[in-house]
Structure formats: structure tokens, C-alpha cells
Amino acid sequence: GTAHVIRVQVRGAPSRQLARGVGKAVVNSPLCKTAVAGNDPNVGRLVAAVGSYLGREAPQQVKLDSVSMRLGGKDILRGGAFLLDSSAEEQLSAHLKQACITDEGHSLPFPPHERYVEVEIDLGSGSESATILGSDLTSEYVAINADYRS
């Protein structure tokens, strides 16, 4: 039921706890997880997950215009502005497709595949960091977990 492993690297946080929380906000977001499953580089969902978490947990600790984000090594947000155009979106989509851990419906061995959707977030507000792993949310996963009774 999983097609992508998501690796979120958060740095520049005022505390390790906040860095972990930001990473977990991304990997636990159903909207982020489903976008990744569909190879859809919907960076608005990523920014929304981070912004929502920071607004709740650290509204005074992090200035949003100091936050920068990268997806697949490509800058997507800096200084409060998106850095996107059609070429960038094609590159992001290609990264998501390349990170897929299934091949014609069969899973590749883990961890030898070393394929990740790479998300980098710099909060620009400290020296703490964290790396969080998660997975996408596929329609197959939903079907598997909806079709049985416990």
C-alpha cells in the first residue's frame, strides 16, 4: 500500500522538539501524503502543513519569511514566496516519480532501494535539526484497510 518513502530534513529550528514537530506535520498530513502518492508536486500542501503547525506551536518563535523549503533538491519557497514555474513543476513531478518504490505494481526491496521523496525545510530560527521518515497514502492502502474487520 505504500509507493513512496518521504524523508523530511528540518534544520534551523529553535529546538529539536520543534524540528521534529514540523517534520511530523508533513509526513502525517493526509493532503501531503496523497499528493506524493499521485506524483503531484502540490507544494501548497507542504507549505500549508508547515505553516499550520508553526502557527499553532510556535507563532512567536519562527518568522515565516525566514523559512525556506526544497523538494527533490529544488528550491520551492524562500522569503515567503513560492519559487515555481512550469519547468520547476515538471522537475518536481519527475523527482516524485523517480522516488517511487514500486515497479509495475511490485515493491522494491527496502532499504536497498535508497529512494526517497526529499523534503528540506530550513526554519532560519536556530541551530537544531531533525530528520523524519514517513510514507505516502495510496488508494490501495485505503482499500486494504477498509476491506477487513478486526
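Data block above holds the structure.
Analysis parameters
Residues numbered from 1 in each chain as written. Predicted model: local features only at pLDDT ≥ 70, side-chain atom pairs only at ≥ 80, totals over all residues. Heavy atoms only, no water. Phe/Tyr/Trp six-rings, centres within 6.5 Å; stacked < 30°, edge-to-face > 60°. Lys NZ or Arg CZ within 6 Å of the ring centre and 35° of its normal. Helix = DSSP H or I, 4+ residues; strand = E, 2+ residues; numbered from the N terminus. Buried < 20%, exposed > 50% of the residue type's maximum accessible area, 1.4 Å probe, protein only. Axes fitted to C-alpha atoms, helices over the stretch in contact; angles between N-to-C directions. Parallel < 35°, antiparallel > 145°, perpendicular 65-115°, else oblique. Left-handed = near helix turned anticlockwise from the far one by under 90°. Contact = heavy atoms within 4.5 Å. Nonpolar A, V, L, I, M, F, W, Y, C, P; charged D, E, K, R; others polar. Core = buried A, V, L, I, M, F, W, Y, C linked by side-chain atoms within 4.5 Å. Pairing = 2+ DSSP bridges. Expected span 1.5 Å × (residues − 1). Arc of directions from axis to C-beta.

**Overview of the packing of aromatic side chains**
Considering all chains together, one arrives at zero aromatic pairs under this definition. The ring of Y116 has R7 sitting right over it, with the charged end atom 3.9 Å from the ring centre.

**Points about the environment of T102**
Relative to the elements of secondary structure, T102 occurs in strand β5 (residues 102–103). Relative accessible area serves as the criterion here: at 26%, T102 is assigned to the partly exposed category. Taking the C-alpha atoms as reference, T102 lies 37 Å from G126; in sequence the two are 24 residues apart.

**A few points about the packing of helix α2 (residues 30–37) against helix α3 (residues 43–57)**
Contact pair α2 / α3: the axes reach a minimum separation of 9 Å and the direction vectors enclose 155 degrees. Considering the angle they form, α2 stands roughly antiparallel to α3. The element α2 and its partner α3 pack so that their crossing is left-handed. Here α2 contributes L31, C32, T34 and A35 to the contact with α3, which in turn contributes R45, L46 and A49. Residues belonging to the contact of α2 with α3 are distributed by class as follows: five nonpolar, one polar and one charged.

**As for the nonpolar core**
Within the largest apolar cluster, 35 residues are counted, with the highest numbers of intra-cluster contacts made by L54, M69, I121 and L123. Here the element with the most residues in this core is α3; it accounts for seven residues. Those residues in contact with M69 that sit more than four places away from it in its chain are L46, V47, V50, K74, D75, I76, L77, E120 and I121.

**Considerations on the side chain of E120**
Within the secondary structure, E120 is located in strand β7 (residues 117–122). Classification of E120 as buried rests on a relative accessible area of 18%. The contact partners of E120, leaving out residues within four places of it in the chain, are Q9, R11, S68, M69, R70 and G73.

**As for the pairing of strand β3 (residues 74–78)**
Where strand β2 (residues 68–71) and β3 come together, four bridges link them in antiparallel fashion. Counterpart to S68 in the pairing with β3 is R78. Hairpin connection between β2 and β3: a loop of two residues separates the two successive antiparallel strands, and G72 in this loop has a positive phi of roughly 60 degrees. Sheet topology places β3 next to strand β4 (residues 81–82); two bridges connect them, and they run antiparallel. Bridge assignment links L77 to a residue of β4, and that residue is F82. Two successive antiparallel strands, β3 and β4, enclose a turn made up of two residues, where G79 displays a positive phi of approximately 60 degrees.

**With respect to α3**
Under the 1.5 Å per step criterion, the end-to-end length of α3 is 21 Å for 15 residues, consistent within 8% with the ideal 21 Å. Along α3, the residues that are buried comprise V43, L46, V47, A49, V50, Y53 and L54. Down the axis of α3, the sector holding all buried residues measures 155 degrees, keeping them to one side.

**Quick word on the sheet that holds strand β8 (residues 128–135)**
Read across the sheet, six strands follow the order β4-β3-β2-β7-β1-β8 without closing on themselves; strand pairing throughout is mixed. The open sheet has two free edges, formed respectively by β4 and β8, since each of these has just one partner strand. Of the strand pairs in this sheet, β2 and β7 are connected by four bridges, and their pairing is antiparallel. Each residue of the ladder has a partner; that of R70, found in β7, is E120. Across the face of the sheet, α3 comes into contact with β2, β3, β4 and β7 while running at roughly 140 degrees to β2. Packed onto the sheet, helix α4 (residues 86–98) meets β2, β3 and β7 and runs at close to 120 degrees relative to β3.

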